[in-house]
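Structure assessment
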Amino acid sequence: MIDCAGAPVTCGSRFTGERVADTDATVVARLKAAGAIPLAMLATTEFACGSAHNPRYGTVSNPWNRARWTGGSSTGSGAALAARLMPLALGTDTGGSIRVPAAWCGVTGLKPTRGLVPRTGVAPLSWTLDHVGPMARSAEYLARVMPWIAGPDGADPHAAGHYDASRARGVPGLRIGVPDGWFTQMQDDAVLAAWQAMLRVLERQGARLVPVDLGPVATAHQDGYTIVMAELAALQEPDLDRAASLDPGTRARMDQGRLFSATDYLRALRRRPLVLAQVLDALADVDVLVTPGLGGEAAALDSLTVEVNGEAHPLQAVLPRNTMLFDYTGLPALMLPTGLGRTGLPVAAQVVGKPYDDAVCLGVGAAFQRETDHHRGAPPEVG
């Protein structure tokens, strides 16, 4: 999805042929200027929205258990980091596509504030909700990378703001919002227990836990998907005559996007600033929000289901519940490992901040990781 000069950039699709990037995406150019060495073009689900079973390159399995999925769309980034092939990877996030593989692969991923990292040279899925950001083994690594990649580039019209490392602060006195309702439903007990253990660690470090009600999230969740699917359909419309060659997951989302009316799409767009104002109002008395991550351990590849308290649920019923809202509102969100679930696979929690408080989120994550070693865990095959 992300251009690197001289490398094939196919978006995981047969549609793109053998395209080779002429220039670097802004985020790649900035990392190279800081001394980074591009190592590999990593896998994605098709156009960052397809199914686990990619039709061009095959399925990316989870290094923790090869019968399970990594989550997407940044499938290769999550797997490569978990397998210790590299210390840093890039991903894109439109409904959770950095944070989902981070959660299921036991690594740490940041979806930055919308526009903080330019999207120039990154293939679009949804021009309204796309984000690009870093994934690594720890929040400390991400905090070291963010100053290099953030800030407008003069090309991406949505790029805005600057990364302010000075906003990071210690945990003592920090007010942490603790949600209920939507965010704690459809969650395995092991995920909730690990989240609660994280809150206790932060409380021992001096944080104050504050109950927070974000209101009716379900409508905003669906509005986010309305925008994504409608914009996907608009982007891929020139290739409708070749739609049979698409991954079934991509095709299903594109077909659904074509069924939305202009009224559906515009209503979802119109509600975005209203929902953002509502969420910011709910967060007015806290510094960050800490939610459970994904509802269960990594999905089974044979059934594409996730087990929650012993019951199998369709992937999409569980996977994006706690992630989409923060693409829709554009708030920074950090996913980090909090332990292992019932079958020994990673589970995670999410730290969400106010606009441009990315450094605050990373500071909370780093403080938690200094007291725990979940982020140091490696799949059995790595040793």
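Higher on the page you've got the structure.
These notes cover the structure that comes with them. Small disclaimer: the values here were computed from a predicted structure and weren't measured.

When helices and strands are counted, the chain shows 11 helices and 14 strands. Against the globule reference of 21 Å for 383 residues, the chain gives a C-alpha radius of gyration of 19 Å, in line with a compact fold. The principal-axis extents of the C-alpha atoms in the chain amount to approximately 60 × 50 × 50 Å. Taking all 383 residues of the chain together, the buried fraction comes to 58%. When contacts within the chain are restricted to residue pairs at least 6 apart in sequence, those whose partners lie at least 24 apart make up 76%. Positive and negative side-chain charges in the chain, numbering 33 and 37 respectively, have mean positions lying 3 Å apart.

End to end, helix α5 (residues 189-204) covers 22 Å across 16 residues, agreeing with the expected 22 Å (1.5 Å per residue, within 8%). Here α5 has its buried residues at Val191, Leu192, Ala194, Trp195, Met198, Leu199, Val201 and Leu202. Two or three places before alanine 190, at the start of α5, stands the capping residue aspartate 188, its side-chain oxygen 2.8 Å from that residue's backbone nitrogen.

On to the pattern of salt bridges, then. Scanning all chains against the criterion turns up 14 salt bridges. A salt bridge links aspartate 24 to lysine 32, with the nearest nitrogen and oxygen atoms 2.9 Å apart. Given the relative accessible area of 23%, aspartate 24 is considered partly exposed. Aspartate 239 is the salt-bridge partner of arginine 242, the closest N and O atoms lying 3.1 Å from each other. Overall, aspartate 239 belongs to the partly exposed group, its relative accessible area being 21%. Through salt bridges with shared partners, a single network forms among Asp93, Arg99 and Asp327.

Okay, the environment of histidine 53 next. With respect to the helices and strands, the residue histidine 53 is situated in strand β1 (residues 53-54). Note on histidine 53: relative accessible area 36%, which makes it partly exposed. The spatial distance from the C-alpha of histidine 53 to the C-alpha of leucine 304 is 9.9 Å, given a sequence separation of 251 residues. Every residue in contact with histidine 53, bar those within four places of it in the chain, is listed here: Thr59, Asp247, Leu301 and Leu304. Within the structure, histidine 53 has its side chain in polar contact with the side chain of threonine 59 (distance 2.8 Å).

Right, let's get into unusual backbone geometry. With an omega of 15°, the peptide bond running from glycine 72 to serine 73 counts as cis. Considering the arrangement of structural elements, one finds serine 73 in the loop between β4 (65-69) and α2 (75-82). Phi at phenylalanine 47 is positive, roughly 50°, even though this residue is not glycine. Along the chain, phenylalanine 47 falls in the loop between α1 (26-33) and β1. Residue classification places phenylalanine 47 among the buried positions, given a relative accessible area of 7%. Backbone geometry at methionine 186 places phi at a positive 50°, although glycine is not the residue there.

Turning to the environment of tyrosine 57, a few remarks are in order. Mapped onto the fold, tyrosine 57 is located in the loop between β1 and β2 (58-59). Each C-alpha atom, one on tyrosine 57 and one on tyrosine 163, is 35 Å from the other, the two residues being 106 residues apart in sequence. With residues near it in sequence (within four places) discarded, tyrosine 57 still touches Thr10 and Gly12. A distance of 3.3 Å separates polar atoms of two side chains, one belonging to tyrosine 57 and the other to threonine 10.

For strand β14 (residues 346-352), the buried fraction is high: 7 of the 7 residues fall into the buried class. What sits between strand β13 (residues 333-340) and β14 in their antiparallel hairpin is a turn of 5 residues, with glycine 344 showing a positive phi close to 85°.

Right, let's talk about the sheet that holds β14 for a bit. Pairing in this open sheet of 8 strands is mixed, and the strands run β5-β7-β6-β13-β14-β10-β8-β9 from one edge to the other. Since the sheet does not close on itself, it has two edges, and those belong to β5 (88-93) and β9 (208-212), each with one partner. Within this sheet the neighbouring strands show an average axis-to-axis angle of 30°, counted without direction. Judged from the 6 bridges that link them, β5 and strand β7 (residues 131-136) form a sheet pairing that is antiparallel. Note that in β7 the partner of leucine 90 across the bridge is proline 134.

What follows covers the packing of aromatic side chains. Applying the stated criterion across every chain yields a total of 2 aromatic pairs. Note on phenylalanine 15 and phenylalanine 47: the rings are 6.4 Å apart at their centroids and 70° apart in plane angle, and the pair reads as edge-to-face. One end of the pair, phenylalanine 15, is in the segment before α1; the other, phenylalanine 47, is in the loop between α1 and β1, and 32 residues separate them in sequence. A ring pair is formed by phenylalanine 183 and phenylalanine 326, whose centres lie 6.1 Å apart and whose planes are at 25°; its orientation type is stacked.

What counts and how
- Residues numbered from 1 in each chain as written.
- Predicted model: local features only at pLDDT ≥ 70, side-chain atom pairs only at ≥ 80, totals over all residues.
- Heavy atoms only, no water.
- Helix = DSSP H or I, 4+ residues; strand = E, 2+ residues; numbered from the N terminus.
- Rg over C-alpha atoms; globule rule 2.2 N^0.38 Å.
- Buried < 20%, exposed > 50% of the residue type's maximum accessible area, 1.4 Å probe, protein only.
- Contact = heavy atoms within 4.5 Å.
- Lys, Arg positive; Asp, Glu negative; His and termini not counted.
- Charge placed at Lys NZ, Arg CZ, Asp CG, Glu CD.
- Expected span 1.5 Å × (residues − 1).
- Polar contact = N/O pair within 3.5 Å; in protein donor to acceptor, adjacent residues only side chain to side chain.
- Salt bridge = Lys/Arg side-chain N within 4 Å of Asp/Glu carboxyl O.
- Pairing = 2+ DSSP bridges.
- Axes fitted to C-alpha atoms, helices over the stretch in contact; angles between N-to-C directions.
- Phe/Tyr/Trp six-rings, centres within 6.5 Å; stacked < 30°, edge-to-face > 60°.

The values reported here are purely geometric and, on their own, carry no functional implication.
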